[in-house]
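# Coordinate analysis (summary)
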Amino acid sequence: MAAPAAAQTRATIVVAADGTGDHTTVQAAVDAVPSGNARPVTILVRKGTYKQQVVIPADKPHISLVGDTRDPREVVLTFGVSAATPKPDGSGTYGTSGSASYVISAPDFTARNLTFENSYDEAAGGPSQAVAVRTTGDRQVYENVRFIGNQDTLYANTPSATTTARQYFRDCHVEGDVDFIFGRATAVFDNCVIKALNRGSADNNGYVTAASTELSNPYGFLIYRSHLTSNAPARTYHLGRPWPAGGSATARGQVLVRESWLGQQVKDAPWTDMSGLNWRDARLSEYRNHGPGATVTDDRPQLTQEQAAAFTPERYLAGTDGWNPVRRHHPSPGYGLGREVLPRHDGWAAATTGTTGGSAARPENVHVVSTRAQLRAALGHPADNTPKIIYVKGAIDADTDDSGAPLTCADYAVNGYSLPAYLAAYDPAVWGRTSVPSGPLEDARRASYNKMAEHVTVTIGSNVTLVGTGRDAALKSFGLRISNADNVIVRNLTITDTSDCFPQWDPTDGADGNWNASFDNVEVSGSTHVWLDHNTLNDGDDPDSGQPLYFGRPYQVHDGLLDVVRGADLVTMSWNHLSGHDKVTLIGNTDNPTRYAEADKLKVTLHHNFFEGLGQRTPRVRFGQVHVYNNYYTGSATHGYNIGVGVGSKVYAESNAFDGIAAAKVLSVFGGTAITAKDNLVDGAPADLVAAYNAANGTALGTDAGWTPTLVTRVHPAKALKAFVPAGAGAGRLR
């Protein structure tokens, strides 16, 4: 149906599949814009999926194609053919360029809040080029837009080899596998998520870029402050290869990946040859990247700081007309608590690239959860390191099934395990005290523990912010694991009663034996750049002090509150409230420096935490350069010590306040040799903690840890801590 005449002159043309707009297809709306258009026209596309090949020609500038919601998933512009797909008219196959769902040649074009997709099914039809968008227009802007495909998803191109076209992609999401960002254009990807899909290979899953930049053009592709994510195995993706488009003898692809987060998928030698063109003859480089896939080697050319000054988004896009669409520091959609990042200099987690968590999450990766099933679904697989923000609303109990019904210890027990049977089998009067339990009941206990662990443990992957919303956000009975991840934030949560239904009896542990539980409320293991802030951690209504004695020893169902272990590094713990527990924070879990290569790791900052009524390990340190400052401690009937000076530890403790704790009981030594301790107060009076310990124990603990912290927020006088740390620490303090 022809467009109404009135629609052709409007500044806004509405597309709605249900017929409530001016047109039912995007192409009809484009056709309604006159050739040579000289004024801004918005084509507003309402929610829905629109399957059609669309061409926006070069003679229709000044078009904005906009989804009518902020969630780009709700407006999907798609088609589904590949280069190898036969054309309906029998004239041959579509070819790479012809497979494009959208061809956008118009200059001064803008797209916002929608998805471009090529829905060709690789699994059914076999691998083939299948373009979602082919761009050739100059001064194009794509903001909060998703580009979805497999091979050759986004063809960022120019009208010819002798012309240039500049395209700016801001807050975008591009995904694919082989050469999925390719072409001759000058294109800047600013704060984008670039997701490399797993093709199932153990050694080569694909290539992110295939630039065909002409030698006459200094600027090809810039990937800037973005996240290159994937669920593919480690070291199976190339950052790119240079493409001599059309056999061009003067194409020398230019790609710079700078100040971006690189996932585990990136190969150690990430650039490779293509079509006879050696990658070293192209212009492929990096600058100040971070994440598990970032490193510096001879196979990874790096710009110098002076060179990098000429390769900014503004320089790429300026051209001869000074075009500058670059946006800086604007709130992303859904801006709020989840978008906050660790301030500069705020402890070890601020080192190198800092900690930003999921702050770059696209709207579709921002979740609000109020059940265990929703939380697990939002976290997804830990290997999928797409930036995510997860808001926890209300209290969520891990001891519930998918319908929300409560679970008890009996629901986890398998293979005939019961506590009475276990006690009868391993009573020291029966089993003895010289060996740990073994046999069918111990096997049943271990299997029951494994079943419980699978149910209550949640693992947080890279680029995640997990944050409570409101004052009552809580995770009960969960074991939070931040394992082999980078760039994680956990804030404003009460994390309580992570209890083990199946602790193990070990008669060889100490003189009288001990019960040992295996769950920590939070465990940071093998991870880097982690910020734990304004959380409350305790045993809730189920403290170990309320448990019975078995074999004359306390039946302990809780392990650590917050441990940092197995080579974890660059962690800041700030403004947390930890209370009512025995073993609190272990930093480093072995005296062997080579087992987890921890000798130069375990760098942790603890500041403005409220350690209330705890037993020990606040913290207990091995190896790490650990800065403990401005924390407030209170004693308890079960207090053993506060700071444990372990093997190789380098603790710097300053301006902390201890109330109800003897100066000689603040420190304990577990193979360490020195600690710097200054400006600390005990019961309001200055105290030399090292001297007090040495006098009480007849030792010679040294007073110089050998380093001075530099990543520090303001250090408050210790005398002020009692007034404001308890009032400000813990969950519910952030809005």
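Residues numbered from 1 in each chain as written. Predicted model: local features only at pLDDT ≥ 70, side-chain atom pairs only at ≥ 80, totals over all residues. Heavy atoms only, no water.

### So, the overall build of the protein chain
- For the protein chain, the helix and strand inventory stands at 13 helices and 53 strands.
- Compactness check: the protein chain gives a C-alpha radius of gyration of 30 Å against a globular reference of 27 Å for 735 residues, within 12% of the reference.
- Expressed as lengths along the three principal axes of its C-alpha atoms, the size of the protein chain is roughly 90 × 60 × 50 Å.
- Look at the contacts in the protein chain between residues 6 or more apart in sequence, and 73% of them connect residues 24 or more apart.
- If you sum the accessible surface of the protein chain, you get close to 27400 Å²; carbon and sulfur atoms cover 50% of it.
- If you average the places of the 63 positive and of the 73 negative side-chain charges in the protein chain, the two averages end up 5 Å apart. (Helix = DSSP H or I, 4+ residues; strand = E, 2+ residues; numbered from the N terminus. Rg over C-alpha atoms; globule rule 2.2 N^0.38 Å. Contact = heavy atoms within 4.5 Å. Areas by Shrake-Rupley, 256 points an atom, 1.4 Å probe, with all protein chains shown as cover. Lys, Arg positive; Asp, Glu negative; His and termini not counted. Charge placed at Lys NZ, Arg CZ, Asp CG, Glu CD.)

### Describing helix α13 (residues 721–728)
- Burial in α13 covers these residues: Leu721, Val725 and Gly728. Along α13, the residues classed as buried sweep out an arc of 80° about the axis, all on the same side. Exposed side of α13, more than 90 degrees from the buried face: Lys722 and Ala723 are the residues found there.
- Within two residues after α13, glycine 730 carries a phi angle of roughly 100°, on the positive side. (Buried < 20%, exposed > 50% of the residue type's maximum accessible area, 1.4 Å probe, protein only. Arc of directions from axis to C-beta.)

### Considerations on the nonpolar core
- One finds Leu466, Leu480 and Val490 to be the most contacted residues of the largest nonpolar core, which totals 80 residues.
- Top contributing element to this core by residue count: helix α11 (residues 440–456), with six residues.
- Here valine 490 is in contact with Ile460, Leu466, Leu480, Ile482, Ile495, Trp531, Leu532, Asp533 and Asn535, once residues within four sequence places are set aside.
- Formed by 57 residues, the second largest nonpolar core is a distinct cluster that contains Val30, Val33, Val45 and Leu154. (Core = buried A, V, L, I, M, F, W, Y, C linked by side-chain atoms within 4.5 Å.)

### A word on the confidence of the model for the protein chain
- Averaged over the protein chain, the pLDDT score is 95; the fraction of residues at 70 or greater is 98%.
- The model gives residues 1–8 a pLDDT under 50, and that stretch makes 11 contacts with residues more than four places away or in other chains.
- Ignoring residues within four places in sequence, the model shows residues 330–334, a span with pLDDT below 50, making 13 contacts including any to other chains. (pLDDT = per-residue confidence, 0-100.)

### Details of the pairing of strand β12 (residues 166–170)
- Burial within β12 is extensive, with five of its five residues counted as buried.
- Burial of the side chains of β12 extends over both faces: Arg166, Tyr168 and Arg170 are buried on one face and Gln167 and Phe169 on the other.
- As defined by bridge partners, strand β10 (residues 140–148) adjoins β12 across four bridges and the pair is classed as parallel. Within β12, the residue paired with glutamate 143 across the bridge is arginine 170.
- Pairing analysis gives five bridges linking β12 to strand β15 (residues 186–190), with the strands arranged parallel. Among the inter-strand pairings, arginine 166 is bridged to a residue of β15, identified as threonine 186. (Pairing = 2+ DSSP bridges.)

### Section: the state of the cysteines
- Enumeration according to the criterion identifies two disulfides in this entry.
- Through a disulfide, cysteine 172 is tied to cysteine 192; the S-S separation comes to 2.2 Å. Between cysteine 172 and cysteine 192 the sulfur-sulfur dihedral comes to about 120°; the bridge is accordingly right-handed. Residue cysteine 172 is found in the loop between β12 and β13 (173–176), and its partner cysteine 192 is found in the loop between β15 and β16 (193–196); the two are separated by 20 residues along the sequence.
- Accessibility expressed as a relative area gives 0% for cysteine 172, which makes it buried. (Disulfide = S-S within 2.5 Å.)

### Comments concerning the packing of aromatic side chains
- With the rule as written, the count across this model stands at 33 aromatic pairs.
- Relative to phenylalanine 182, the ring of tyrosine 155 has its centre 4.2 Å away and its plane inclined at 20°; by these criteria the two rings are stacked. In this pair, tyrosine 155 is assigned in strand β11 (residues 154–156) and phenylalanine 182 in strand β14 (residues 178–183), connecting sequence segments 27 residues apart. Comparing tyrosine 155 with phenylalanine 182, the two get one shared label, buried.
- On the basis of an interplanar angle of 15° and a centroid distance of 4.4 Å, the ring pair of tyrosine 633 and phenylalanine 658 is categorised as stacked. Of this pair, tyrosine 633 sits in strand β46 (residues 632–634) while phenylalanine 658 sits in strand β49 (residues 657–659), and the two are 25 residues apart along the sequence.
- The class of phenylalanine 658 is buried, set by a relative accessible area of 1%.
- Within the aromatic cluster, the residues linked to one another by ring pairs are Tyr417, Tyr422, Tyr426, Trp431, Phe502, Trp505, Trp515, Tyr550, Phe551 and Tyr555.
- For arginine 241, the ring lying beneath its charged end belongs to tyrosine 207, and the centroid distance is 3.8 Å.
- Note that lysine 603 overlies the ring of tryptophan 348, its terminal NZ or CZ placed 5.9 Å from the centroid. (Phe/Tyr/Trp six-rings, centres within 6.5 Å; stacked < 30°, edge-to-face > 60°. Lys NZ or Arg CZ within 6 Å of the ring centre and 35° of its normal.)

### A look at the side chain of asparagine 289
- Among the structural elements, asparagine 289 can be located in the loop between β23 (283–287) and α5 (305–308).
- Look at asparagine 289 and you get buried, because its relative accessible area is 15%.
- A distance of 3.1 Å separates the side chain of asparagine 289 from the backbone nitrogen of glutamate 259, its partner in a polar contact.
- The contacts of asparagine 289, once residues within four sequence positions are left out, are Val257, Arg258, Glu259, Ser260, Leu262 and Ala294. (Polar contact = N/O pair within 3.5 Å; in protein donor to acceptor, adjacent residues only side chain to side chain.)

### Remarks on the pairing of β16
- Side-chain alternation along β16 places Val193 and Lys195 on one buried face and Ile194 and Ala196 on a second face that is also buried.
- As paired strands, β13 and β16 are joined by four bridges and run parallel to one another. Bridge pairing in β16 links histidine 173 to valine 193.
- Bridge count between β16 and strand β19 (residues 227–230): four bridges; the pairing is parallel. Its bridge partner being in β19, valine 193 is matched across the sheet by histidine 227.

### Quick word on unusual backbone geometry
- At the junction of threonine 618 and proline 619, the peptide bond is cis and its omega measures out at 0° in the coordinates.
- Within the secondary structure, proline 619 sits in the loop between β43 (610–612) and β44 (620–621).
- With a phi angle near 50°, alanine 597 is a residue other than glycine that sits in the positive phi range.
- Relative to the elements of secondary structure, alanine 597 occurs in the loop between β41 (586–587) and β42 (604–607).
- According to the relative accessible area criterion, alanine 597 is partly exposed, its value standing at 38%.
- Even without a glycine there, the phi angle at leucine 602 is positive, about 60°.
- Along the chain, the position of leucine 602 falls in the loop between β41 and β42.

### As for the pattern of salt bridges
- As enumerated under the stated definition, the model contains 30 salt bridges in all.
- Among the salt bridges present, the one from glutamate 364 reaches arginine 146, with a minimum N-O distance of 3.1 Å. One end of the pair, glutamate 364, is in the loop between α6 (313–318) and β24 (366–369); the other, arginine 146, is in strand β10, with 218 residues separating them in the sequence. Each of the two residues, glutamate 364 as well as arginine 146, counts as buried.
- Of the charged contacts, one joins arginine 362 and aspartate 171 as a salt bridge, the two residues approaching to 3.7 Å between their closest N and O atoms. (Salt bridge = Lys/Arg side-chain N within 4 Å of Asp/Glu carboxyl O.)

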